[in-house]
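Architecture and fold: a report
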Amino acid sequence: MSTPAIITVAITGSVPKKENNPAVPITVAEQVESTHEAFEAGASLAHCHVRNDDGSTTSDPEKFGQLLDGLRKHCPGMIVQFSTGGRSGVGSERAGMIPLKPDMASLSTGSCNFPTRVYENSPELIDHLAGAMLEHDVKPEIEAFDLSMIFSAVQMEKAGRIKGPLHIQFVMGVKNAMPVDRQVFDFYVDTTKRLAPDATWTGAGIGRFQIDLVHWSLERGGHVRTGLEDNVRLDKDSLAPSNAALVKLAADLCPQYNRHPASVAEARELLKLQMVG
Ligand code: MG
């Protein structure tokens, strides 16, 4: 029997613009429509950033609230994860939408370099974000941009600063952070299994490496992430026509590894999340 793979669709992010790919959803209405198509194609988790209507980044809780309402209505049961990433806000305002109680929120447990700047997550800020998630019962997805962030997350769980079991995402291919490297990937997987045997994990590859991480994660028993936030191309010659098209690519690879796209019920069971609505 095949085992379920949670397909995360990262719909918008804070970097890609309509000029890069007109299919990148910007307004809340576009985001709900794009996520709905991705949901129908097999995604069970939506990773969400919000934008101002002119495309600029924001972490406005009101926009997050509108998006949450739209997704709850049009994608029943889908896991909604908000980004607390640093490109869309500064300091503690990155936790401003946690009281809305999405199912999950992203949490980086360390700092690293990004293409043109430092991605800064001080110990104090990490504690603030994690504390808000604990208070509002929002499950963190640990964004591990390097190995130390996995160790930090395990420490935080042991100290009761994160509610377990951990869900960790290995991010590879952001320029100046950890590149896409199979040996490092395998080391991440093995280290996570050793330190946190009940943890779940996802591989996320940026740009043209997106599909490599899908293959590797399916092979090693993990979950996968795709979507226009990380990659706007379907292949070397064409832009992805939608988030759903990228989800379909990942879903179609599942049988090759004796996997199938997780239903929302399976995804919630795997991540120990309650059903909503
Ligand atoms: Mg993001």
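Rules used throughout
Residues numbered from 1 in each chain as written. Predicted model: local features only at pLDDT ≥ 70, side-chain atom pairs only at ≥ 80, totals over all residues. Helix = DSSP H or I, 4+ residues; strand = E, 2+ residues; numbered from the N terminus. Rg over C-alpha atoms; globule rule 2.2 N^0.38 Å. Contact = placed C-beta atoms within 7 Å. Buried ≥ 20, exposed ≤ 12 C-beta atoms within 10 Å, placed from the backbone. Pairing = 2+ DSSP bridges. Axes fitted to C-alpha atoms, helices over the stretch in contact; angles between N-to-C directions. Right-handed = clockwise from strand over helix to strand, strands pointing away. Left-handed = near helix turned anticlockwise from the far one by under 90°. Nonpolar A, V, L, I, M, F, W, Y, C, P; charged D, E, K, R; others polar. Expected span 1.5 Å × (residues − 1).

Quick word on the overall build of the chain
In terms of regular secondary structure, the chain is built from eight helices and 16 strands. Its C-alpha atoms give the chain a radius of gyration of 17 Å, near enough to 19 Å, the size a compact globule of 277 residues would have. Over its C-alpha atoms, taken along the principal directions, the chain stretches across nearly 45 × 40 × 40 Å. Restricting the contact set of the chain to residue pairs at least 6 apart, pairs at least 24 apart contribute 72%.

Brief notes about the pairing of strand β6 (residues 79–82)
Side-chain alternation along β6 places I79 and Q81 on one buried face and V80 and F82 on a second face that is also buried. Here four bridges tie strand β3 (residues 45–48) to β6, and the two strands are oriented parallel to one another. Paired with L45 across the bridge in β6 is I79.

Description of the sheet that holds strand β2 (residues 7–10)
Pairing in this closed barrel of eight strands is parallel, and the strands run β2-β3-β6-β7-β10-β11-β12-β13 around the ring. Each adjacent strand pair in this sheet contributes to an overall mean axis angle of 25°, direction not counted. Bridge count between β2 and β3: three bridges; the pairing is parallel. From the neighbouring strand, A10 faces β3, where its bridge partner is H47.

Some remarks on unusual backbone geometry
Among all residues except glycine, the phi angle is most often negative; among peptide bonds, the trans geometry is most common. Across the junction of G164 and P165, the peptide omega takes the value -10°, indicating a cis bond. Here D137, not a glycine, exhibits a phi torsion of approximately 55°, which is positive. The residue D137 is located in the loop between α3 (123–135) and β10 (139–144) in this model. At N258, a residue that is not glycine, the phi angle is positive and equals roughly 55°. With respect to the helices and strands, the residue N258 is situated in the loop between α7 (243–253) and β16 (259–261). Taking the C-beta count within 10 Å as the criterion, N258 has 11 such neighbours and is therefore assigned exposed.

Things to note about the pairing of β2
Along β2, one buried face is formed by I7 and V9 and the opposite face, lined by T8 and A10, is buried too. Two strands pair when backbone bridges link them, and β2 and strand β13 (residues 223–226) are joined in this way by three bridges, in the parallel orientation. Across the sheet, residue T8 finds its bridge partner in β13, namely R225. Regarding topology, helix α1 (residues 28–40) serves as the crossover connection from β2 to the parallel β3, and that connection is right-handed.

Describing the packing of helix α6 (residues 210–219) against α7
In contact at an axis separation of 10 Å, α6 and α7 are set at 30° when each is read in the N-to-C sense. As for the relative orientation of α6 and α7, their crossing is right-handed in sense. Touching I211, V214, H215 and L218 of α6 are L249, A250 and L253, all from α7. Class assignment of the residues belonging to the contact of α6 with α7 gives a composition of six nonpolar, one polar and no charged.

Some words on α1
Taking 1.5 Å per residue, 13 residues should reach 18 Å; α1 reaches 18 Å between its end C-alpha atoms and fits that length. Lining the buried residues of α1 we find β2, β3, α2 (61–74) and α7. Phi turns positive, to about 125°, at G42, one or two residues after α1.

Structural notes on the environment of S92
Position of S92 relative to the elements: it lies in the loop between β6 and β7 (104–108). For S92, a count of 12 C-beta atoms within 10 Å puts it in the exposed group. Between the C-alpha atoms of S92 and G77, which are 15 residues apart in sequence, the distance is 29 Å. Once residues within four sequence positions are removed from consideration, S92 is found in contact with L125 and H128.

Focus: the packing of α1 against α2
One can describe the packing of α1 onto α2 by two numbers: an axis separation of 9 Å at closest approach and a directional angle of 35°. Considering how the two elements wind past one another, α1 and α2 form a crossing that is right-handed. Across the interface between the two elements, V28, Q31, V32, T35 and H36 from α1 touch K63, Q66, L67, G70, L71 and H74 from α2. Looking at the contact of α1 with α2, its residues break down into four nonpolar, six polar and one charged.

Geometry only, nothing functional implied.
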